[in-house]
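Examination of the molecular architecture
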Amino acid sequence: MNNIINLLKKFFFILIILIIPNYNSAKEILIYADSISYDEDENIIARGNAKIVQMNKLIYSDLIIYNQKDDIIMLPSKFNFKDGDNNFFQGENGFFKKNLNFAEFENPKIRLNDGSRIIGKKIKRDGDVDIITKGVYSPCVSRIKIANFICPTWQLEGEKILHDNKNLFLYQKHSKMRIINTPVFYIPYIVTPSPLRKERKSGFLSPTISLNFFDTKTSQSTSFPYYFNISLDKELLFTPIINYGGGVDASQRFIFDYNQILSGGNLKYNLTFDSNLEKQNNNEWFTDASLITKYNKNINKNYKISVDSALQTSKNYIQITKPNDDLSYSTSLKTNFKIEGYNLQKIDDYLDVELKFYQTNQENEDNKTTPTVFPKLKYHTGYFNKNGNISNSIIEFYNIFREKGNLTHAKNQQKISHKYKIEKKFINYNSKILLNAEIYNQGFKTEKKLTEGHNFITGSYYRLFPIFGISSETPFRIKKFYPKLTLNPKINLVLAPGISNSNKLSNEDSTINDFSIENIYRLNRYSGSDKLDNSKRITYSINAYTDYFKSSLSQSYEFTNNSNFHKEQGNDDNLSDLLGSIEYLNDNELSYDFRYDLNDQYLKKQNIDIKSKTKLGELGFSYLDQNSKINEIISNDTETINYSFLSKKFLKFSKVQIKGLYDLKKEINKEYSIGYSYFDECFGINLDFNRKSYEEDSLKPQDILTLMFSFKNIGSYKSTNLAVSENDKQDIEWQSFSIENDKFEAN
């Protein structure tokens, strides 16, 4: 019987419920243990699997002493504590007050509910505030072994660390960061958001201090970014940068990044401007600036508005201040105001109103020839389907002007155009037959258009231009030989007036054109309607395809000797070049297309694209060979290779990416980039090298080498261009960025 009782004592807890008057708003506590006794001072002593439970808080230890007189829970040995937010604490030789909101103990080890860790020599816990003496903070789970020492990837050490569990901030005094146990910086005082923070809060971010050594002079650059949490849907990051030293007057740069979430859209501003507030004998505090704006908003269920703008006060300001931005490589900067509307009268109609103007972004460009479009309007009436006839209308208007005209563009031109399109499809003789037509009614008013005779012409013009077409295609299979293969021959006849496009009109919207399989069957093969296709032609093709294979051969014959599009695209005879393509789609993708000149018997263009998923990663390869002949002499010879590789993860967290454009004729890499990235659960590093070339001879190629370190819950620190030579005299700075924690690998 005694054995049974001892077994019951061993495997079941003895429960004592203490109901104590609520002097300090304390809740009831429950004590569980293998054995519970009292000492001479009436302290409750719980031994063996001892637990104290209060609501959703828990203390667990082999020995717990509860002082009923002072309402103190004493923990002389190692213990574990879980608070109400599922944060876990380990410690020893300490005590808690009965409400479990106040405590002091030694050798604390804290694991926050996001996986972050804080350890120290001593902790004092008072309500929502934890004060750790000689503490170390790190969100890292992974460990790195250095000799006999095992350390996290990175950690912050502080003489004092204060964790505010209510306002969710980490305050650190005399803080030092270690990366792989190597000290990298010291700061007397730093405030960072708690890893438990889910909401944004205004405050200073980590400052940046840069030392720049040029010749025998040393200059410094200091930034103090401040984050404004304006409201739930608005935020602003203000970064003042002060440059001083090096024997020059101080200069300043101010950066404003504003972001706002709108109902049905968003608004972003990026304003950067330079000043010389402290420059001697300076009458103007403002020097240069740039403003980049992005705005998208649904006005209502039918309309939306968008603004995409990039402005700068001098041609190269964005290139200097934002060398990594794609805008710095643009020939011109565009400001575009756009209003779109759907379902105005019918569910599928469409209205597009745009206002555009451009600003040159390169040294040798002439801003006087860049256009302003004020406005451009396009309305698509939607599709009308009646008795199998499908029709629609497109109405266009634009007003485009510039400071001076040239051979291609007038100084000022307005156009109003109406395009009526109709088509009818029917099945007959086992074939799909399509009848279609496009009828253009256009009026132009042109001012100072330069002709080849170097005369400026001004006038008004009207044209009525119909284009008609009929096509037939008959797909079939030869089941006896290959039942899965479908063959589809197609033939198309197009008739249009043989009137050539007039050089008295400015070509504003038909400049991007291509003779390809994609547009060979269009009635008007020009990309816009300033130029119209005056061709009478017959086009024929044969297509073959299965579930994973497609191929096509196409060609056209011109009955019109003065076909504008035909001649402009390099077809010297009435019989056009032969266009072909082959595609293989499976786990890997392979495509090949070509353009072959049958008259001169040479390959004008060929392009090979390969996308392959290998054991090492994703591989991309594109080969382009393009040339043309004049009097049997090749006048244009281009042969390039585009290549890319994105590796799978190796060594658990690493990736490598390579991209480039190689010119086989000049035997040089015109553009290439190599990047390495490492992201574990708490630390990330990016090392990227990029070389880009400008089209202008006066702007030399630019090498960009950037290094970025990312720390979970802290932010990112990214260098500007580390590849700048000493002759360029460009300051190298480290810029701080916020970081999205979802970039880091899960534990």
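Within each chain, residues carry numbers counting from 1 in the order of the written sequence. Reporting of local features is limited, given that this is a predicted model, to residues whose pLDDT is at least 70; pairs of side-chain atoms are given and counted only at 80 or more, and all residues count toward the totals for whole chains, interfaces and linings. Neither water nor hydrogens contribute to the side-chain values; these are computed over all heavy atoms in the structure.

Once that is clear, we can look at the overall build of the protein. Per the convention used, a helix needs a DSSP run of H or I reaching at least four residues, while a strand needs a run of E reaching at least two, with both numbered from the N terminus. The helix and strand inventory of the protein stands at 3 helices and 49 strands. Pairs at least 24 apart in sequence give 44% of the contacts found in the protein among residues at least 6 apart. Summed over its atoms, the accessible surface of the protein is roughly 41600 Å², and 55% of this surface lies on carbon and sulfur atoms. Whether two residues touch is decided by their heavy atoms; if any such pair falls within 4.5 Å, the residues are in contact. Using a 1.4 Å probe, accessible areas were evaluated by the Shrake-Rupley method; residue-level cover was limited to the displayed protein chains.

Of note, the amide linkage connecting Phe374 to Pro375 takes the cis form, showing an omega dihedral of -5°. Locating Pro375 in the fold gives a position in strand E29 (residues 372-380). Of note, Tyr429 is a non-glycine position whose phi angle comes to about 55°, a positive value. For Leu651, which is not a glycine, the phi torsion comes out positive at approximately 50°. Assignment of secondary structure puts Leu651 in the loop between strand E43 (633-647) and strand E44 (654-663). A simple rule labels every residue: compare its accessible area, found with a 1.4 Å probe on the protein chains alone, to the largest value its type can have, and call it buried under 20%, exposed over 50%, or partly exposed in between. What makes Leu651 exposed here is its relative accessible area of 72%.

Cysteine sulfur atoms are paired as a disulfide whenever they come within 2.5 Å of each other. With the rule as written, the count across this model stands at 1 disulfide. What pairs with Cys140 in a disulfide is Cys682, and their sulfur atoms sit 1.8 Å apart. Its S-S torsion of approximately 95° makes the covalent link between Cys140 and Cys682 right-handed. Remark: Cys682 occurs in the loop between strand E45 (668-679) and strand E46 (683-692) and Cys140 occurs in the loop between strand E12 (129-138) and strand E13 (143-146); sequence separation between them is 542 residues. For the residue pair Cys140 and Cys682, the accessibility class agrees, reading buried in each case.

Moving on, we get to a nonpolar patch on the surface. Taken together, Phe426, Leu435, Phe468, Ile470, Ile491, Leu493, Leu495, Tyr540, Tyr557 and Phe559 make up a surface patch of nonpolar side chains, about 830 Å² in accessible area. Elements represented by at least two residues in the nonpolar patch include exactly strand E34 (456-473) and strand E36 (486-495). Considering every element that reaches the nonpolar patch, the biggest residue donor is E36, with 3 residues. Summarising the element assignment, Leu495 is placed in strand E36. Patch members must show over 30% relative accessible area and no salt bridge, and they are joined within 9 Å when carrying like charges or within 5 Å when they are nonpolar side chains of Val, Leu, Ile, Met, Phe, Trp or Tyr. When a carboxyl oxygen of Asp or Glu is within 4 Å of a side-chain nitrogen of Lys or Arg, the pair counts as a salt bridge.

Inspection of the entire model under this criterion finds 25 salt bridges. Here Asp530 ties to Lys415 by a salt bridge, and the two come within 3.0 Å at their closest N and O atoms. In this pair, Asp530 sits in the loop between E36 and strand E37 (537-545) while Lys415 sits in strand E32 (residues 412-428), placing the two residues 115 residues apart along the sequence. Here Lys415 falls in the buried class, since its relative accessible area comes to 1%. Across the pair Glu558 and Arg525 runs a salt bridge, and its minimum N-O distance is 3.1 Å. With Glu558 in strand E38 (residues 549-558) and Arg525 in the loop between E36 and E37, this residue pair connects regions lying 33 residues apart in the sequence. Of the two residues, Glu558 and Arg525, both sit in the buried class. Through salt bridges with shared partners, a single ionic network connects Arg525, Asp533, Arg537 and Glu558.

Relative to strand E39 (residues 578-585), E38 runs antiparallel, the two being bridged by 6 bridges. Each bridged residue has a counterpart across the sheet, and for Lys550 the counterpart in E39 is Glu583. Any two strands with at least two DSSP bridges between them are considered paired. As judged from the 8 bridges shared by E39 and strand E40 (residues 589-597), these two strands associate in the antiparallel manner. Of the residues in E40, the one forming a bridge with Leu585 is Glu589. Counting the residues that bridge the hairpin from E39 to E40 gives 3 residues.

In this scheme Phe, Tyr and Trp rings, the latter by its six-membered ring, pair at centre separations within 6.5 Å, and the angle between planes marks the pair as stacked below 30 degrees, edge-to-face above 60, and tilted otherwise. Considering all chains together, one arrives at 21 aromatic pairs under this definition. Ring pairing ties together the aromatic residues Phe79, Phe81, Phe89, Phe96 and Phe105, which thus form one cluster. Charge-over-ring contacts are defined here by two conditions on Lys NZ or Arg CZ: a distance within 6 Å of the ring centre and an angle within 35 degrees of the ring normal. Positioned above the aromatic ring of Tyr521, the side-chain terminus of Lys490 is 4.1 Å from the ring centre.

This part covers the confidence of the model for the protein. Do not read the fine detail of predicted coordinates wherever pLDDT is low. Averaged over all residues, the pLDDT of the protein is 82; the fraction at 70 or higher stands at 83%. A low-confidence stretch, residues 7-26 stays under pLDDT 50, and its non-local contacts, those more than four residues away or across chains, total 29 contacts. As a per-residue measure, pLDDT reflects the predictor's confidence and takes values from 0 up to 100.

Right, let's get into the nonpolar core. Take the buried residues of types Ala, Val, Leu, Ile, Met, Phe, Trp, Tyr and Cys, join any two whose side-chain atoms come within 4.5 Å, and each joined set is a nonpolar core. Among the nonpolar cores identified, the biggest contains 42 residues, and Ile59, Ile64, Ile73, Phe96, Trp154 and Phe711 are the most heavily contacted of them. Of all the elements, strand E4 (residues 44-54) adds the most residues to this core, at 4 residues. Apart from the residues within four sequence positions on either side, Ile59 is in contact with Ala50, Lys51, Ile52, Ile64, Leu75, Phe79, Asn80, Phe81, Phe96 and Leu100. One finds Tyr440, Ile467, Ala496 and Leu523 within the second-largest nonpolar core, a separate group that totals 7 residues.

So, on to the side chain of Glu639. As for its position among the elements, Glu639 is in strand E43. A relative accessible area of 17% places Glu639 in the buried class. The residues touching Glu639, leaving out its near neighbours within four places in the chain, are Tyr623, Leu624, Asp625, Tyr662, Asp663, Leu664 and Lys665.

Attention now moves to the environment of Asn113. For Asn113, the location among the structural elements is in the loop between strand E9 (102-111) and strand E10 (117-119). Along the chain, Asn113 and Asn86 lie 27 residues apart, while their C-alpha atoms are 5.8 Å from each other.

Attention shifts here to the environment of Gly127. Following the sequence through the fold, Gly127 ends up in the loop between strand E11 (122-126) and E12. The class of Gly127 is partly exposed, set by a relative accessible area of 24%. Distance in space between the C-alpha atoms of Gly127 and Asp164 is 9.4 Å, their sequence separation being 37 residues.

Turning our attention to a positive patch on the surface. As used throughout, the charge tally considers Lys and Arg to be positive and Asp and Glu to be negative, leaving His and the chain termini uncounted. Taken as the charge centre is NZ of Lys, CZ of Arg, CG of Asp or CD of Glu, depending on the residue. On the surface, Lys122, Lys124, Lys160 and Lys173 cluster together into a patch of positive charge. Looking at the element boundaries, Lys122 is found in strand E11. For Lys122, a relative accessible area of 42% puts it in the partly exposed group.

Moving on: the environment of Leu236. Note on placement: Leu236 falls in strand E22 (residues 234-245). Separated by 22 residues in sequence, Leu236 and Tyr258 have C-alpha atoms that sit 4.4 Å apart. Residues contacting Leu236, with those up to four places away along its chain left out, are Tyr226, Tyr227, Phe228, Ile230, Phe256, Asp257 and Tyr258.

This next bit is on the pairing of strand E15 (residues 154-164). The side chains of a regular strand alternate between the sheet's two faces. Burial analysis of E15 places 8 of its 11 residues in the buried class, the great majority of the element. In the sheet, E12 pairs with E15 via 8 bridges, with the strands oriented antiparallel. Of the residues in E15, the one forming a bridge with Gly135 is Gly158. A loop of 4 residues connects E15 with strand E16 (residues 169-179), the two strands running antiparallel in sequence, and Leu168 in this loop sits at a positive phi of about 60°.

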